Amino acid sequence: MTRAEIIALLNLQGDKIAELYKYGCEARIKHVGKKVYLRGIVELSNICAKNCLYCGIRRDNAALPRYEMSVEEIIQAALWAHESGYGSIVLQSGERTDEKFISLIESALSAISKQTEGKLAVTLSLGEQTRATYKRWLAAGARRYLLRIETSDPQLYGKLHPSDHSFDFRLECLHTLKELGYQLGTGVMIGLPYQTIEQLADDILFFKKMDVDMIGMGPYIAYDGAPLAELGYDKERNLELALKMIAIARLELLDVNIAATTALQALHPEGRELGIKAGANVVMPNMTDVKYRQLYKLYDGKPCLDENAEQCRGCLERRIISAGGEIAPGDPGDPLHFRRRIQRNKYL
Ligand code: SF4
């Protein structure tokens, strides 16, 4: 699609919106099938060295008690996932680049890979790191990396982050991850203060240009107390725009994995089902121990804070089926796009 066509789709109103979602859903079934993949998410630490102006666990949130799971707790969560039929998990935390943290992740990855004989696909979502760190984690068993660009517009990025946070370095990290051979995921926030429809259209074109394998994007939801929250936001508009972005991303990128993120459900009780019906094919049950969940709130109104891993999974499986998807137990769900990208590059 051209930029103008994407803008026109983002501006659709009335009955035309449901038609867009229908096309997104049909494109999902045609290009990646009916299966919807589960990624158990482990929020292993809320300690963060950065200070993004929208985030609930930003460094300057002094009121928030901080935690870090031990290596044993991380391994235990991963083994539980493996034994419960998950094919894949996501290890996520605030961003840190100290050696203690790098080694913690490395040790956890090695043990998970060994004890599951490499059958549990691990996605990392641990922010900007050096090339050497990404290499160490890949060698220890990581397979995928999710690093959201948050917005592909450098000027807007500058309004959402303190001046020492670099858009260029974030972009460089995405290129590094791809070069190293990770399955690459990125994404944006939708409905941010200052953000225009044109910038969202450019985000779709950015995903295409970066040739990413996975997309994890969700509606912007403010965190009360974060500096950006003062500017407010429109919940209904953000939900609608987020669903339109899922449908358009599916129509434009076809065979990538697209997540129906938890933030959708924070704005609508059936937000994740709506995401699947618009074209998403991945959902992420929360596997974080309930005692830590309250402390990992990136935004307000995060759902499922008091359900254990078992309940979260059961609930999401029911949601997938009610949205017309099929569960794929034990299937790591590697993005088709990644396989094709690797194949294609062999011949170039
Ligand atoms: S968005 Fe990520 S890097 Fe930024 S403050 Fe929150 S956890 Fe840290």
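Structure's up top.
The model shown is predicted, which means the values in this text are computed figures rather than measured ones.

## Focus on the overall build of the protein chain
Regarding its fold elements, the protein chain presents 14 helices and twelve strands. Whereas a compact globule of 348 residues would reach a radius of gyration of roughly 20 Å, the protein chain reaches 19 Å, a difference of no more than 12%. Along the first, second and third principal axes, the C-alpha set of the protein chain runs to 50 × 45 × 40 Å. Looking at the protein chain alone, contacts between residues at least 24 apart form 76% of all its contacts between residues at least 6 apart. In the structure as shown, the protein chain presents an accessible area of about 14,300 Å², 53% of it carried by carbon and sulfur atoms.

## Focus: helix α4 (residues 99-115)
The end-to-end C-alpha separation of α4 is 24 Å, in line with the 24 Å expected for 17 residues at 1.5 Å each. Looking at α4, one finds that the buried residues are F101, I102, L104, I105, A108, L109, A111 and I112. Where α4 is buried, its residues contact β2 (40-45), α3 (71-83), β3 (88-93), β4 (121-125) and α5 (131-140). Among the residues trailing α4, E117 stands out with phi positive, at a value near 50°.

## A short note on the pairing of strand β6 (residues 183-186)
Residues Q183 and G185 line one face of β6 and the alternating positions L184 and T186 line the opposite face, and both faces are buried. With three bridges joining them, strand β5 (residues 144-146) and β6 adopt parallel strand pairing. Residue L146 lies in a different strand from β6, and its bridge partner there is G185. Here two bridges tie β6 to strand β8 (residues 214-215), and the two strands are oriented parallel to one another. Each bridged residue has a counterpart across the sheet, and for T186 the counterpart in β8 is I215.

## Thoughts on the pattern of salt bridges
The final tally for this structure, using the stated rule, is 25 salt bridges. The shortest N-O distance in the salt bridge between E128 and K50 comes to 3.0 Å. On the criterion of sequence distance, the pair formed by E128 in the loop between β4 and α5 and K50 in the loop between β2 and α3 is long-range, its members being 78 residues apart. In this structure E128 comes out as buried when scored by relative accessible area, which is 6%. A salt bridge links D334 to R144; its shortest N-O distance comes to 2.6 Å. Note that D334 is positioned in the loop between β12 (326-327) and α14 (336-346) and R144 in strand β5, a separation of 190 residues in sequence.

## With respect to the environment of I221
With respect to the helices, strands and loops of the structure, I221 is situated in the loop between β9 (218-219) and α9 (235-253). I221 gets classed as buried once you look at its relative accessible area, which sits at 4%. Sequence separation between I221 and A266 is 45 residues; the distance between their C-alpha atoms is 8.4 Å. Other than its neighbours up to four places away in sequence, I221 contacts Y233, A263, A266, L267, Y299 and D300.

## A closer look at the sheet that holds β4
Strand order in the open sheet formed by seven strands is β2-β3-β4-β5-β6-β8-β10, with parallel pairing between adjacent strands. Looking at strand neighbours, the two that pair on one side only are β2 and β10 (257-258), the edges of this open sheet. Where β2 lies against β3, five bridges are found, and the strand directions are parallel. Bridge assignment links I41 to a residue of β3, and that residue is V90. Lying over the sheet, α4 contacts β2, β3 and β4, oriented at roughly 165° with respect to β4. Helix-sheet contacts for helix α7 (residues 167-180) involve β5 and β6, and the interaxial angle to β6 is about 160°.

## Some points on the site of the ligand
Close to the ligand lie C48, K50, C52, Y54, C55, I57, R58 and G94. Looking at the shell around the ligand, its residues break down into five nonpolar, one polar and two charged.

## Digging into the packing of helix α8 (residues 197-210) against α9
Here α8 crosses α9 at 35°, and the two axes come no closer than 10 Å. Here α8 runs over α9; the crossing is right-handed. Residues I197, L200, D203, I204, F207 and K208 of α8 touch α9, and the partners they reach there are R237, L241, M245, I248, A249, E252 and L253. Among the residues making up the contact of α8 with α9, the classes are represented as nine nonpolar, no polar and four charged.

Calculation notes
- Residues numbered from 1 in each chain as written.
- Predicted model: local features only at pLDDT ≥ 70, side-chain atom pairs only at ≥ 80, totals over all residues.
- Heavy atoms only, no water.
- Helix = DSSP H or I, 4+ residues; strand = E, 2+ residues; numbered from the N terminus.
- Rg over C-alpha atoms; globule rule 2.2 N^0.38 Å.
- Contact = heavy atoms within 4.5 Å.
- Areas by Shrake-Rupley, 256 points an atom, 1.4 Å probe, with all protein chains shown as cover.
- Expected span 1.5 Å × (residues − 1).
- Buried < 20%, exposed > 50% of the residue type's maximum accessible area, 1.4 Å probe, protein only.
- Pairing = 2+ DSSP bridges.
- Salt bridge = Lys/Arg side-chain N within 4 Å of Asp/Glu carboxyl O.
- Axes fitted to C-alpha atoms, helices over the stretch in contact; angles between N-to-C directions.
- Near = heavy atom within 4 Å.
- Nonpolar A, V, L, I, M, F, W, Y, C, P; charged D, E, K, R; others polar.
- Left-handed = near helix turned anticlockwise from the far one by under 90°.

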